[in-house]
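Next come the chains, spelled out residue by residue.
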Amino acid sequence: DIVMTQSPATLSVTPGDRVSLSCRASQSISDYLHWYQQKSHESPRLLIKYASQSISGIPSRFSGSGSGSDFTLSINSVEPEDVGVYYCQNGHSFPRTFGGGTKLEIK
Amino acid sequence: EVQLQQSGPELVKPGASMKISCKASGYSFTGYTMNWVKQSHGKNLEWIGLINPYNGGTSYNQKFKGKATLTVDKSSSTAYMELLSLTSEDSAVYYCARCSYGTYYFDYWGQGTTLTVSS
């Protein structure tokens, strides 16, 4: 199985900061990497597909980059509503696997 | 509007089996696979498997073979996941999530069903 490793585990930021969340795959997955946001007591929500493609209805401050085995989710100018846990997902092969998540906190 | 409406929370005894439902609306049920995801301890996400509602074909995570059985009822646009021989390790929130054929991401998720296994 492809192991997805996210870092850091927790990120504490100030509103207005630009932040970068990292996701690394145990082998190359091309651009078959998807990002989700999960707010407290809610279901995950798709943020970015295929590493860098935007999703309708998602604020433009969210962007993704990377290919192969190293990926980054960037949030340009964090807002208080961005608090939650962010997960990356391997869409390259079965079984689909998720990273352990990065928890975003607001100072 | 696409909606995936899951059945309510369950409390079941060890050794029992139970079935979770996921009723789809707002799209063509047979046009997308239905996936199931387990979330334990409020954080770890694990893909259980998928079912193709068009032909009933399934694909399971090896870890969940023998634990989960996926089925659908096309007449009611409802997907089901049966969990067998439950233990405390099965206590978790379970989600259904839609995926387009030929794509590899989950664009809509159900609200989740909380399963507690306890005597």
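Above: the structure in question.
### Describing the interface of chain B and chain A
(1) Moving on: With 21 residues of chain B in contact, the opposing surface of chain A contributes 21 residues.
(2) Moving on: For the pairing of chain B and chain A, the buried interface totals around 1,700 Å² over both sides, and the portion due to carbon and sulfur atoms is 61%.
(3) Moving on: One can count zero salt bridges joining chain B with chain A.
(4) Moving on: Taken together, the connections running from chain B to chain A amount to nine residue pairs in polar contact (both at pLDDT 80 or more).
(5) Moving on: Elements supplying a minimum of two residues to the side of chain B that touches chain A: β4 (32-40) and β5 (44-51) of chain B.
(6) Moving on: Here the side of chain B that touches chain A gets four residues from one element, more than from any other, and that element is β5(B).
(7) Moving on: Residue classes in the side of chain B that touches chain A are distributed as nine nonpolar, nine polar and three charged.

### So, the sheet that holds strand β8 (residues 70-75) of chain A
Residues and elements named next belong to chain A.
(1) Moving on: Judged by pairing direction, the sheet is antiparallel, and its four strands sit side by side in the order β1-β3-β8-β7 without closing on themselves. Across the chains shown, the open sheet's two edge strands, defined by having one partner strand only, are β1 (4-7) and β7 (62-67). Averaged over neighbouring strand pairs, the angle between their axes works out to 20° when direction is ignored.
(2) Moving on: Where β7 meets β8, six bridges bridge the pair, whose relative direction is antiparallel. Looking at β8, one finds that Ser65 is bridged to Thr72.

### A short note on the side chain of Thr102(A)
Residues and elements named next belong to chain A.
(1) Moving on: Within the element layout of this structure, Thr102 appears in strand β11 (residues 102-106).
(2) Moving on: Given the relative accessible area of 0%, Thr102 is considered buried.
(3) Moving on: A polar contact is formed between the side chain of Thr102 and the backbone oxygen of Pro8, at a distance of 2.6 Å.
(4) Moving on: Leaving out residues up to four positions away in the same chain, Thr102 has contacts with Gln6, Ser7, Pro8, Ala9, Leu11, Leu21, Gly84, Val85 and Tyr86.

### So, the environment of Arg45(A)
Residues and elements named next belong to chain A.
(1) Moving on: As for its position among the elements, Arg45 is in strand β5 (residues 45-49).
(2) Moving on: Its relative accessible area of 34% is what places Arg45 among the partly exposed residues.
(3) Moving on: Linking Arg45 and Ile58, residues 13 residues apart in sequence, is a C-alpha distance of 9.5 Å.

### So, the packing of aromatic side chains
(1) Moving on: Counted under the stated rule, the structure contains twelve aromatic pairs over all chains.
(2) Moving on: Ring geometry for Tyr50(A) and Tyr105(B): centres 5.6 Å apart, planes at 90°, overall edge-to-face. Here Tyr50(A) is found in the loop between β5 and β6 (53-54), whereas its partner Tyr105(B) is found in the loop between β9 (92-100) and β10 (108-109) on a different chain.
(3) Moving on: Centre to centre, the rings of Tyr95(B) and Trp109(B) are 5.8 Å apart; their planes meet at 80°, and the pair counts as edge-to-face. Remark: Trp109(B) occurs in strand β10 and Tyr95(B) occurs in strand β9; sequence separation between them is 14 residues. For the pair formed by Tyr95(B) and Trp109(B), the shared burial category is buried.
(4) Moving on: Pairwise contacts between aromatic rings join Tyr36(A), Phe98(A), Tyr95(B), Phe106(B) and Trp109(B) into one cluster.

### Overview of the state of the cysteines
Among covalent bonds in proteins, the disulfide is the one between the sulfur atoms of two cysteines.
(1) Moving on: This structure, assessed with the given rule, holds two disulfides over all chains.
(2) Moving on: Disulfide partner of Cys23(A): Cys88(A), at an S-S distance of 2.1 Å. Here the S-S torsion is close to 80°, and the disulfide linking Cys23(A) with Cys88(A) is therefore right-handed. In this pair, Cys23(A) is assigned in strand β3 (residues 19-25) and Cys88(A) in strand β9 (residues 84-90), connecting sequence segments 65 residues apart.
(3) Moving on: Taking the relative accessible area as the measure of exposure, Cys23(A) reaches 0% and is therefore buried.
(4) Moving on: Looking at Cys88(A), the relative accessible area reads 0%, which means it is buried.
(5) Moving on: Between the sulfur atoms of Cys22(B) and its disulfide partner Cys96(B) the distance amounts to 2.1 Å. Torsion about the S-S bond of the Cys22(B) and Cys96(B) cystine: about 75°, corresponding to right-handed handedness.

Reading guide: rules and limits
Residues numbered from 1 in each chain as written. Chains lettered and ligands numbered in written order. Predicted model: local features only at pLDDT ≥ 70, side-chain atom pairs only at ≥ 80, totals over all residues. Heavy atoms only, no water. Contact = heavy atoms within 4.5 Å. Buried area = accessible area lost by both parts, 1.4 Å probe. Salt bridge = Lys/Arg side-chain N within 4 Å of Asp/Glu carboxyl O. Polar contact = N/O pair within 3.5 Å; in protein donor to acceptor, adjacent residues only side chain to side chain. Helix = DSSP H or I, 4+ residues; strand = E, 2+ residues; numbered from the N terminus. Nonpolar A, V, L, I, M, F, W, Y, C, P; charged D, E, K, R; others polar. Pairing = 2+ DSSP bridges. Axes fitted to C-alpha atoms, helices over the stretch in contact; angles between N-to-C directions. Buried < 20%, exposed > 50% of the residue type's maximum accessible area, 1.4 Å probe, protein only. Phe/Tyr/Trp six-rings, centres within 6.5 Å; stacked < 30°, edge-to-face > 60°. Disulfide = S-S within 2.5 Å.

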